[in-house]
Amino acid sequence: MNIKNIKSEFPIFEQKVNGKPLVYLDSANSSQKPRAVINRISNFYETEFSNVGRSVHSLAVKATNRFEESRDKVKNYLNAKHREEIIFTKGATESINLVASSFGEKFIKEGDEILTTELEHHSNYVPWHFLRQKKGAKIKFAPVNDKGEVGIDEIKNLINSKTKIIAITHISNVTGAIVPIKKIVDLANEKNIPVLVDGTQGAPHLEIDMQELGCDFYAISCHKMYGPNGLGILYAKKKWLDELPPYQGGGGMISEVLKENVTFADTPTKFEAGTMQTAEVVAFSEAIKFIEELGIKNIHNHENEIMEYGIEQLKKNNSVKIIGDPKERGSVICFTMKGIHPHDIATILDEDGVAIRAGHHCCQILHDKLGIPATARASLGVYNSRDDMDKLSDAINNCKKIFKI
Amino acid sequence: MELKELYQEIILDHAKNPRNKGKCNGYNHDAKAHNPLCGDKVHIYAKLDVNKNLSDLSFEGEGCAISLASASILTDTLKGKDLQFSKKVTDDFLKMLKNKSKITLNSLSEDQITTISSLSGVQEFPMRIKCATMAWHTLLAAIEKKK
Ligand SMILES: Cc1ncc(COP(=O)(O)O)c(C=O)c1O
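Here the structure is a predicted model, which is why all the values come from computation and not from measurement.

Secondary structure assignment for chain B yields six helices and three strands. Mapped in sequence order, the helices and strands of chain B form the string α-α-β-β-β-α-α-α-α. Its C-alpha atoms give chain B a radius of gyration of 14 Å, near enough to 15 Å, the size a compact globule of 147 residues would have. In terms of principal-axis extent, the alpha carbons of chain B reach across some 45 × 35 × 25 Å. Within chain B, the fraction of its 147 residues that count as buried is 53%. Once local pairs closer than 6 in sequence are excluded, the contacts in chain B between residues at least 24 apart make up 60%. A total of about 7000 Å² of accessible surface is found on chain B, and carbon and sulfur atoms cover 50% of it.

Structural data, given as structure tokens:
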């Protein structure tokens, strides 16, 4: 496999969209899936499927083994210390809700503070808002600077003795800013404050090593890293998982169920109530293999080169304004155009087969701060090329033609 | 489907120079709506007089060309019109986008029919239908909602 012709590994690119080759620039929303992942799902259903962890028949053993092998794969990929630190969820959203709910229930009291930032996706704000309502906690927002970044100083200024957890994104899905997580974790460690990283945009693009980052919680959406939809991961240090109460109740997560009491399974099972996504978990191993074969650093460098080339092209167009100018940017280019609303841009680009997203990208607080209701976003994956950036640029010129600007 | 049919001259004109923008004097009905998917907002203001005429009609809002043009065309077409008639036009407009039917009301001028019908191109863009219908649904809500 080679990044240069990696598109051929993704069946979706075999079709035309509106008669044009597909230029997919919406990977921050969800990435496309390589053939290996797609095939693994059908192949698993055809030959190995059964429910996991419940029956003793041969198929159940097979399926359970494949499921747990995926946990090991993820554990190794993230360089977690223990396999029990990997919890499967339905997505980063559920991963963060789990922490907000279970950590919040046990450790957050009235007046305690949750420190987050203005960059966050709604999924790293609303779960904390629930906690604010339920417990009377406070949410502090570290401000974003005019480059679209949140720096270590902004965090430092807001930490105090009431800060009980820091919840922060790894990469902004709007400005693309790569947040200095390691420095923030080091700072938080000095004060004994746990850190939750929303790694939804980080995991598909950066090398992530839990021992190196040192964070307490890391949330991932598998569908944004070439894996199946409906699957996410919560990495959490074992010391937390052992202490936190379960998030949902049901089958599988119990130890003993009596009329007068219930005891719970050990982690990770304690946090995986009910029938889990089985084929998705199994097929996610293939997504990791895909990333490992190419090398995440190579993917990152490739995307960086394409992104920089794309930014260069867009900057030549004087109707285009690029949002944010972070020193370190990860695979996201948000922009606006004078006189054309992002929604119209997205429709016009689509006619040329160029798929982007328009809106506030689930970051209303950030858009309010920037004073713009919506932006257009081109976001990259391993399958993008310079040619895609040229097509983006041409399609943007077409917007100007249609709007007579 | 051609983009040219979506972004017709009439629509671009209304989007760039929206008619009846702002709060109209003496309005006694209003309602607002927003589309959380894209952040489009619209606020309709109506003055309903004793004879059940929409003697004044205006809007405030921000959004894409389709939503601005739609709100502008709505106010332009229905300002001064009788309430029952306005409801009928709204109904026909919403049906036009839903069932691809034509607008044929004989009490609208040919020009007005052409203008409203310019929005029919939206039919071919299912993700954009809400942009075109939001103002009209909001008008119906405003009629029900006295200040
Ligand atoms: C930064 C960030 N966090 C969280 C999420 C939520 O991910 P999911 O919807 O897969 O749970 C997203 C998805 O857009 C995101 O970009």
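Right, picking up where we left off after that structure.
Next up on the list: the site of the ligand. Residue and element names in this part refer to chain A. Around the ligand there are 13 residues in total, and T93, D198, Q201, S221 and K224 lie nearest to it. Here a nitrogen atom of the ligand sits 2.5 Å away from a polar atom, N or O, in the side chain of D198. Its free accessible area being 390 Å², the ligand has 88% of it covered by the protein chains. Considered class by class, the residues forming the shell around the ligand number one nonpolar, 10 polar and two charged.

A word on the domain arrangement of chain A. Interface size, as often reported, equals the accessible area lost upon joining of the parts. Residue and element names in this part refer to chain A. Splitting chain A by domain gives domain 1 (3–27 + 295–403) and domain 2 (38–292). Computed over C-alpha atoms only, the centres of domain 1 and domain 2 are separated by 28 Å. In this assembly, 36 residues from domain 1 lie in contact with 31 residues from domain 2. Contact with domain 2 buries surface across domain 1, with I296, I365 and L366 losing the most and accounting together for 22% of the total. A salt bridge links K297 to E207; the shortest N-O distance between them is 3.3 Å. Taken together, the links from domain 1 to domain 2 amount to 17 residue pairs in polar contact (both at pLDDT 80 or more). Only α10 (296–315), β14 (332–337) and α12 (364–370) provide two or more residues apiece to the side of domain 1 that touches domain 2. In terms of residue class, the side of domain 1 that touches domain 2 is made up of 16 nonpolar, 11 polar and nine charged.

Here we take up the nonpolar core. Judged by nonpolar contacts, the single largest core of 76 residues is most densely connected at A:I356, A:L392, B:Y7 and B:I66. In contact with B:Y7, other than residues within four places in its own chain, are A:D344, A:T347, A:I348, A:I402, A:F403, B:L12, B:A65, B:I66 and B:R128.

This paragraph deals with the packing of aromatic side chains. Residue and element names in this part refer to chain A. Tallied over the entire structure, the rule returns 21 aromatic pairs over all chains. Aromatic ring contacts, followed pair by pair, group F10, F13, Y24, Y226, F290 and Y383 into a single cluster. Over the ring of F13 we find K7, and its NZ or CZ is 5.2 Å from the ring centre. Directly above the ring of Y309 sits R386, whose terminal nitrogen or CZ lies 4.3 Å from the centroid.

All names here are of chain B. Here S67 lies in helix α3 (residues 65–78). Given a relative accessible area of 9%, S67 falls into the buried group. Apart from the residues within four sequence positions on either side, S67 is in contact with D40 and C131.

This part is about the sheet that holds strand β16 (residues 357–359) of chain A. All names here are of chain A. Here we have four strands laid out as an open sheet, ordered β13-β14-β17-β16, and antiparallel in their pairing. For this open sheet the edge positions go to β13 (320–322) and β16, each flanked by a neighbour on one side alone. In this sheet, adjacent strand axes meet at a mean angle of 30° when their direction is disregarded. Relative to strand β17 (residues 375–379), β16 runs antiparallel, the two sharing three bridges.

We now examine the sheet that holds strand β2 (residues 40–48) of chain B. Residues and elements named next belong to chain B. Pairing in this open sheet of three strands is antiparallel, and the strands run β1-β2-β3 from one edge to the other. The open sheet has two free edges, formed respectively by β1 (29–35) and β3 (54–62), since each of these has just one partner strand. For this sheet, the mean angle separating the axes of adjacent strands, direction not counted, is 15°. Contacting β1, β2 and β3, helix α6 (residues 129–144) runs over the sheet at an angle of about 150° to β1.

What follows concerns the pattern of salt bridges. Residues and elements named next belong to chain A. Applying the stated criterion to the full structure yields 31 salt bridges over all chains. Taking the shortest distance from any N to any O, the salt bridge between K164 and D112 comes out at 3.1 Å. With K164 in strand β7 (residues 163–169) and D112 in the loop between α3 (92–107) and β5 (113–117), this pair connects stretches of sequence that are 52 residues apart. Owing to a relative accessible area of 6%, D112 belongs among the buried residues under this scheme. A salt bridge links R386 to E305, with the shortest nitrogen-to-oxygen separation between them at 3.1 Å. Remark: E305 occurs in helix α10 and R386 occurs in helix α13 (residues 386–402); sequence separation between them is 81 residues. For E305, a relative accessible area of 38% gives the class partly exposed. What emerges from the salt-bridge pattern is a single network uniting E68, R71, D72, R83 and E272.

All names here are of chain A. A cluster of nonpolar side chains, I254, V257, V262 and F264, forms an exposed patch at the surface whose accessible area comes to about 300 Å². Contributions of two or more residues to the nonpolar patch are made by β11 (254–257) and β12 (262–264). Residue placement: F264 occurs in strand β12.

Parameters and conventions
- Residues numbered from 1 in each chain as written.
- Chains lettered and ligands numbered in written order.
- Predicted model: local features only at pLDDT ≥ 70, side-chain atom pairs only at ≥ 80, totals over all residues.
- Heavy atoms only, no water.
- Helix = DSSP H or I, 4+ residues; strand = E, 2+ residues; numbered from the N terminus.
- Rg over C-alpha atoms; globule rule 2.2 N^0.38 Å.
- Buried < 20%, exposed > 50% of the residue type's maximum accessible area, 1.4 Å probe, protein only.
- Contact = heavy atoms within 4.5 Å.
- Areas by Shrake-Rupley, 256 points an atom, 1.4 Å probe, with all protein chains shown as cover.
- Near = heavy atom within 4 Å.
- Polar contact = N/O pair within 3.5 Å; in protein donor to acceptor, adjacent residues only side chain to side chain.
- Nonpolar A, V, L, I, M, F, W, Y, C, P; charged D, E, K, R; others polar.
- Domains from an automatic or database assignment.
- Buried area = accessible area lost by both parts, 1.4 Å probe.
- Salt bridge = Lys/Arg side-chain N within 4 Å of Asp/Glu carboxyl O.
- Core = buried A, V, L, I, M, F, W, Y, C linked by side-chain atoms within 4.5 Å.
- Phe/Tyr/Trp six-rings, centres within 6.5 Å; stacked < 30°, edge-to-face > 60°.
- Lys NZ or Arg CZ within 6 Å of the ring centre and 35° of its normal.
- Pairing = 2+ DSSP bridges.
- Axes fitted to C-alpha atoms, helices over the stretch in contact; angles between N-to-C directions.
- Patch = residues over 30% accessible without salt bridge, like charges linked within 9 Å, V, L, I, M, F, W, Y side chains within 5 Å.

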